[in-house]
Amino acid sequence: MKNGEAMSKEKIKIAVFVSGGGTNLQALIDKQKSGVVSSGEISLVVSNNPDAFALERAKKAGIKTAVVSKKECGSQEKFEDMLIDLLEENGIELIVLAGFMSILSERFTSKYPKRIINIHPSLIPSFCGKGFYGLHVHEAALEYGVKITGATVHFVNEIPDGGEIIMQKAVEVEDGDTPEVLQKRVMINAEWIILPQAVEKVSKSLLEKK
Ligand code: GAR
């Protein structure tokens, strides 16, 4: 490889899938600006919820957005076909699930092996799988009484929260925590840090293989 050749490669095109507030999307946008994420570029934000505030964050950052509602599609198959069409039209090479509250079937995930990553707000294999999402994860952690929790970034396969782990970060539970307080601490001290780092790690390795 000649000098500078790697530099001239185009960045990995990333789609971020969202459903709600989009604070993890915001962390990715901010870390792209600051250079922590440099091997990939967020080219598209897709929401399954037309009212997701994450869409506003994307628009403010000048990123193309799309809404695909499962309800309007009528079936999981149609929903996933619409997503696949969007990804293909936009030349997407890496999908980041950042608070995306819809489970993708094996038909979808098997199309993108090691090209879909997810952020989950616990230390997998604790408090994960079907039914464990958003605030419910922190409610379960508090109910169990764990003293350490955290966040995990992992590849997505056909098993909900079952794909290979890319990065994890631990966070202490404190006396008197409510699910909301714990959720915020996990976001600030773990999610918003490791998601951009993991996105860079995976984008960099995909870029090297290009
Ligand atoms: C985040 O805590 C994320 O880890 C979690 O939902 C929240 C979304 O917040 N995801 C899951 O529970 C997936 N199983 P955000 O929209 O502000 O990024």
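Above this note sits the structure.
Residues numbered from 1 in each chain as written. Predicted model: local features only at pLDDT ≥ 70, side-chain atom pairs only at ≥ 80, totals over all residues. Heavy atoms only, no water.

## Section: the side chain of Ser-122
Along the chain, the position of Ser-122 falls in the loop between strand 5 (116-120) and helix 7 (135-144). A polar side-chain atom of Ser-122 sits 3.3 Å from the main-chain carbonyl oxygen of Phe-127. Residues contacting Ser-122, with those up to four places away along its chain left out, are Phe-127, Val-137, Thr-149, Gly-150, Ala-151 and Thr-152. (Helix = DSSP H or I, 4+ residues; strand = E, 2+ residues; numbered from the N terminus. Polar contact = N/O pair within 3.5 Å; in protein donor to acceptor, adjacent residues only side chain to side chain. Contact = heavy atoms within 4.5 Å.)

## Thoughts on the sheet that holds strand 4 (residues 94-97)
If you trace the 7 strands from one edge of the open sheet to the other, you get 3-2-1-4-5-6-7, paired in mixed fashion. At either margin of the open sheet sits one strand with a lone partner, and together these are strand 3 (64-67) and strand 7 (165-172). On average, each strand axis in the sheet is tilted by 20 degrees relative to the strand beside it, whichever way the strands run. Pairing analysis gives 4 bridges linking strand 2 (residues 40-47) to strand 3, with the strands arranged parallel. Looking across to strand 3, one finds that Leu-44 is bridged to Lys-64. Set on the sheet, helix 2 (residues 23-34) makes contact with strand 1 (12-18), strand 2, strand 4 and strand 5; between it and strand 2 the angle comes to about 160 degrees. (Pairing = 2+ DSSP bridges. Axes fitted to C-alpha atoms, helices over the stretch in contact; angles between N-to-C directions.)

## A few points about the environment of Leu-97
Tracing the chain through its elements places Leu-97 in strand 4. Put simply, Leu-97 and Val-202 are 105 residues apart on the chain and 14 Å apart in space, counted from C-alpha to C-alpha. In this structure Leu-97 touches Phe-17, Leu-104, Ile-116, Ile-117, Asn-118, Ile-119 and Val-156, once residues within four positions along its chain are discounted.

## As for the site of the ligand
Near the ligand you find 14 residues, and of these Gly-22, Thr-23, Asn-24, Gly-134 and Glu-191 are the closest. For the ligand, an oxygen atom lies 2.8 Å from a polar atom in the backbone of Gly-22. One nitrogen or oxygen atom from the side chain of His-120 is found 3.4 Å from a nitrogen atom belonging to the ligand. Summarising the interface, the protein chains cover 92% of the accessible area of the ligand, which totals 450 Å² for the free molecule. At the level of elements, helix 2, strand 5 and helix 8 (179-209) are the ones that each hand at least two residues to the shell around the ligand. For the shell around the ligand, the per-class residue count stands at 6 nonpolar, 7 polar and 1 charged. (Near = heavy atom within 4 Å. Areas by Shrake-Rupley, 256 points an atom, 1.4 Å probe, with all protein chains shown as cover. Nonpolar A, V, L, I, M, F, W, Y, C, P; charged D, E, K, R; others polar.)

## Section: unusual backbone geometry
Geometrically, the link from Ile-124 to Pro-125 is a cis peptide bond, its omega value of 20 degrees lying close to zero. Within the element layout of this structure, Pro-125 appears in the loop between strand 5 and helix 7. The residue Lys-114 is not glycine, and still its phi comes out positive at about 55 degrees. Following the sequence through the fold, Lys-114 ends up in the loop between helix 6 (106-109) and strand 5. The exposure class of Lys-114 is partly exposed, given its relative accessible area of 47%. Of note, Asp-161 is a non-glycine position whose phi angle comes to about 60 degrees, a positive value. (Buried < 20%, exposed > 50% of the residue type's maximum accessible area, 1.4 Å probe, protein only.)

## Looking at the packing of aromatic side chains
Summed over all chains, the structure comprises 4 aromatic pairs. Seen in terms of ring centroids, Phe-17 and Phe-108 are 6.5 Å apart; in terms of plane orientation they differ by 50 degrees. Their pairing is tilted. One end of the pair, Phe-17, is in strand 1; the other, Phe-108, is in helix 6, and 91 residues separate them in sequence. Taking the relative accessible area as the measure of exposure, Phe-17 reaches 0% and is therefore buried. Its relative accessible area of 0% is what places Phe-108 among the buried residues. Taken together, the ring pairs connect Phe-17, Phe-100, Phe-108 and Tyr-112 into an aromatic cluster. (Phe/Tyr/Trp six-rings, centres within 6.5 Å; stacked < 30°, edge-to-face > 60°.)

No statement about biological role is implied by the geometric values presented.
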